[in-house]
Number of protein chains: 4
Amino acid sequence: MNFGGMLKLSKLVKSRNQLYWKGLFGDDPIKFLLLFFVLYVHYVYLFIYAYLVFLYSESSGKFENRIYADYSIYKGKAALSAGPAPPKFSKLDSGGLKVDRCGTIMLTFTPASGERKYDWEKKQRFALSPTEVGSLISLKALESCEFFHDPAMKSSNAGQVRKSLSVKPHADGSGYFISLSVVNNIQKTNERLTVPVTTAEFAVMRTAFSFALPHIMGWDRYTNQLPKSAGENPSKGVSQLDLEWDR
Amino acid sequence: MNFGGMLKLSKLVKSRNQLYWKGLFGDDPIKFLLLFFVLYVHYVYLFIYAYLVFLYSESSGKFENRIYADYSIYKGKAALSAGPAPPKFSKLDSGGLKVDRCGTIMLTFTPASGERKYDWEKKQRFALSPTEVGSLISLKALESCEFFHDPAMKSSNAGQVRKSLSVKPHADGSGYFISLSVVNNIQKTNERLTVPVTTAEFAVMRTAFSFALPHIMGWDRYTNQLPKSAGENPSKGVSQLDLEWDR
Amino acid sequence: MNFGGMLKLSKLVKSRNQLYWKGLFGDDPIKFLLLFFVLYVHYVYLFIYAYLVFLYSESSGKFENRIYADYSIYKGKAALSAGPAPPKFSKLDSGGLKVDRCGTIMLTFTPASGERKYDWEKKQRFALSPTEVGSLISLKALESCEFFHDPAMKSSNAGQVRKSLSVKPHADGSGYFISLSVVNNIQKTNERLTVPVTTAEFAVMRTAFSFALPHIMGWDRYTNQLPKSAGENPSKGVSQLDLEWDR
Amino acid sequence: MNFGGMLKLSKLVKSRNQLYWKGLFGDDPIKFLLLFFVLYVHYVYLFIYAYLVFLYSESSGKFENRIYADYSIYKGKAALSAGPAPPKFSKLDSGGLKVDRCGTIMLTFTPASGERKYDWEKKQRFALSPTEVGSLISLKALESCEFFHDPAMKSSNAGQVRKSLSVKPHADGSGYFISLSVVNNIQKTNERLTVPVTTAEFAVMRTAFSFALPHIMGWDRYTNQLPKSAGENPSKGVSQLDLEWDR
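Being a predicted model, the structure only gives us computed values, none of them experimental.

(A) A look at the side chain of Glu132 of chain B. Residue and element names in this part refer to chain B. Considering the arrangement of structural elements, one finds Glu132 in helix H3 (residues 130–137). Nearest to the buried, unbridged Glu132 among oppositely charged side chains is Lys163, at 11 Å. When sequence neighbours within four positions are dropped, the list of residues in contact with Glu132 reads Phe126, Ala127, Phe147 and His149.

See below:
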């Protein structure tokens, strides 16, 4: 290769550049630096502005990482807390949203360790499925119900731990006893936590659970959908019943 | 054509341009290119920024194309799924929104093809209208109801396919049998799918259907309207009853 | 006044300006025009961008001018439509929002003019107040209720027009007759429109009216308020009961 | 101190600056001022634009400082108003939101001071807790209930003021008497305000209170959470029951 030629070209380019440089800024290269600095400040400003707008929209956003709003009933021997856990959705390739796992209403029982003191280390949980919630909110006066869970279901520990939740009415119809019994054959423990619930407290649970039920089922998502304009729909004017043909 | 004349003109234009050019930038036309380049970068930057803001607002949007959150009951001989279908709206010239077609709650029955297996190819659908939903959620203990649909109603096939949904209480009041019967005179088929539904499952359906009913009627749209300030209203101070005059 | 002196001053200023101008741009005033033009384009661009952002946020907004989603029951002699009318709010100087006039649920009765035809010119309206809605949704089986309105109440025509809405149960408990009677002493007319409503249709009305009731009362506004952080509240840790002291 | 040396240094700096200045702008320092002014205007413009965007997003926001939408019942001897007070939240370090103090439904009793006149100076308040609301909305026909509050509970004035709210059915089952009794041992006063409430008015309260109950408990916050995509969750495919293990 002809390195001598390349060197000459390089020199030529360099000398031309120097000429251009001199032609451009004459005696004052600082003029260029000033312009560069001003524009640089401008872009930094715009980035900071965009970031502040982003932060503001985040902070005034409508969702929080996690909500702690359990309804708690503190009684002599134990406390009972209840709060909804939202369903898990998965995004489909089509852009849709599918309930992957139904939400629950989580009941937490905590034994008392003294007067108005509760031992949160010993708390026990029971996650009510939508159908179990339906059972609770449709409970009539003097009716009772009971649910059984195996937290290790389908694993090698299946059958070793048995949880049961029972709701039994007071004899005088003035409320219910809600009990969680946990029999753990691995740890050889057998715990039973019972919380008496008044009619008023049960009414709060019934109302709050009824409110939460469509949400843990994911049905509240349907109401956030955009209105579908009939004009965009090719089947305009065709009865909804036609959808029943589709099988 | 007189190419000579055109050439002269071209030369003239060029020489005039060169004069302007020289007057504008003296010895350094590159200065102009630099300014042009800086401003060009600036606009490209702003467009990218605007596009990112647009993308962000889209992605954090509250609506999805489609939601899949059916409530499903799997029983030995068939499965029953229920989920709301939103109403279709059409936009009026006045800017208003009109329900063009009421939403429904779609019931899907699927026959079992084995243990815990269902033959989704053979599913049958029944779309409950708002009034049919009202009938279901007001069903009292030991009451029954039945609905008839003709999917080909008002077409030439009218009367050939007859669907009927019946809800009948268990003898002991512990729930309902929900059956879909499809008699198809074209395909000479006669199918009947029955799913036993417990009181708890029916309570879930009742609560979820009650939640969904105002939405399939389009009444949830009323609650998203802007508050109408009385100050903007010429009839301020006039009783609402006056509206009753308007006929 | 010494106009000669002013003239001299004016000349001086002008000649100084010309010197400045020359010092600033030398032989090329076009340079200045170019810079001015570039900046002008820049601002026009920013205004157009801001306007587009504004338009986009408007169009994707969550409110529509007006919603038409009445629940309609078409019967042989008349049709009955029902739909909520939102309350009117007024903005307080404190920035708060006050219900100025409660919303209603508007019932519209239209007489039939033939088979499946209704004479919309002759429609009659009755606006249910929140308490009247409460009366309707708490109606037990075989109970009836009646409301009286004077659309010209508190005007000089008071007592001339008398509207009454009556809800009477079918003898077999299978639904209700809803009648609107309008006695107009000015026009010497006496109209009565009756629509038989099935239990299922009444259940839809009961569910939809129960859904709409908090909205026509304006209570749905409470739920759109920002969460009040306790940290911002000087009375943190003080019981809510303290508010009861305030009188 | 050597002021002479400092003076020399100052002169040197000044002369160097003058040289730089001259090298930068030659005969026209005004050119620099013009550029500076143009950029300054630019930034002021951007700040004003950002502020207007901020103001617009605030004004079109979905929350107001305070809502006044009490449901009021005006009767001969007193008026009763009811409206929800939202819960207080505190922000956790984790970014979550915790109910710090439950909301209430505030009842306000105002004695009549003449025909259709009420003495707002003498109003008395009673804040219903969620459980008390549950008691009210689950009240069956001909049932009664009573609540006791001590506004000075846990302070040195404890026991001095005693408020009690009683809800007693009319003998014919056509509604309830709602009474607030305030015994103040400090001011030696004993007031009792009673408002008769019809079945229809009680139905409005029941429906509105049931609507408000999940909101004063803070459960409506759960429904504004972002959908949790299962893909982002390491425990995908694991049963919800597993959460019950966690203690």
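(B) Fine view of the pairing of strand E6 (residues 104–114) of chain A. Residue and element names in this part refer to chain A. Burial runs high along E6: 8 of the 11 residues are buried. Across 8 bridges, the pairing between strand E3 (residues 78–85) and E6 is antiparallel. Of the residues in E6, the one forming a bridge with Ala78 is Pro111. Strand direction decides the pairing type here: E6 and strand E7 (residues 117–118), joined by 2 bridges, are antiparallel. By the bridge assignment, Gly114 is partnered in E7 with Lys117. Here E6 hands over to E7 after 2 residues, with Arg116 in that stretch at a positive phi of 55°.

(C) Region of interest: the pattern of salt bridges. Residue and element names in this part refer to chain D. According to the stated counting rule, one finds 4 salt bridges over all chains in the structure shown. A salt bridge links Lys75 to Glu201; the nearest nitrogen and oxygen atoms lie 2.9 Å apart. Of the two residues, Lys75 is situated in the loop between strand E2 (71–74) and strand E3 (78–85) and Glu201 in helix H4 (residues 199–216); the sequence distance between them amounts to 126 residues.

(D) Spatial organisation of the nonpolar core. Formed by 168 residues in total, the largest nonpolar core has its most connected members in Phe209 of chain A, Phe209 of chain B, Phe209 of chain C together with Phe209 of chain D. Dropping the residues within four chain positions of it, Phe209 of chain B is found in contact with Trp219 of chain A together with Ala82, Ile105, Leu107, Leu128, Val133, Leu136 and Ile137 of chain B.

(E) Representation of the side chain of Ser81 of chain B within the structure. Residues and elements named next belong to chain B. With respect to the secondary-structure elements, Ser81 resides in strand E3 (residues 78–85). Among the polar contacts listed, one links the side chain of Ser81 to the side chain of Ser72, at a separation of 2.8 Å. Non-local contacts of Ser81, meaning those with residues more than four positions away in its chain, are made with Asp70, Tyr71, Ser72, Met106, Leu107 and Thr108.

(F) Looking closely at the sheet that holds strand E12 (residues 189–198) of chain B. All names here are of chain B. Taken in spatial order, the 4 strands make up an open sheet running E9-E10-E11-E12, and their pairing is antiparallel. The strands lining the two open edges of the sheet, one partner per strand, are strand E9 (145–149) and E12. The average undirected angle you get between the axes of adjacent strands in this sheet is 10°. Sheet strands in contact with H3 are E9 and strand E10 (161–169), and its direction is about 165° off that of E9. The strands touched by helix H4 (residues 199–216) are E10, strand E11 (175–184) and E12; relative to E12, the strand with the most contacts, the crossing angle is about 100°.

What counts and how
- Residues numbered from 1 in each chain as written.
- Chains lettered and ligands numbered in written order.
- Predicted model: local features only at pLDDT ≥ 70, side-chain atom pairs only at ≥ 80, totals over all residues.
- Heavy atoms only, no water.
- Helix = DSSP H or I, 4+ residues; strand = E, 2+ residues; numbered from the N terminus.
- Buried < 20%, exposed > 50% of the residue type's maximum accessible area, 1.4 Å probe, protein only.
- Lys, Arg positive; Asp, Glu negative; His and termini not counted.
- Salt bridge = Lys/Arg side-chain N within 4 Å of Asp/Glu carboxyl O.
- Contact = heavy atoms within 4.5 Å.
- Pairing = 2+ DSSP bridges.
- Core = buried A, V, L, I, M, F, W, Y, C linked by side-chain atoms within 4.5 Å.
- Polar contact = N/O pair within 3.5 Å; in protein donor to acceptor, adjacent residues only side chain to side chain.
- Axes fitted to C-alpha atoms, helices over the stretch in contact; angles between N-to-C directions.

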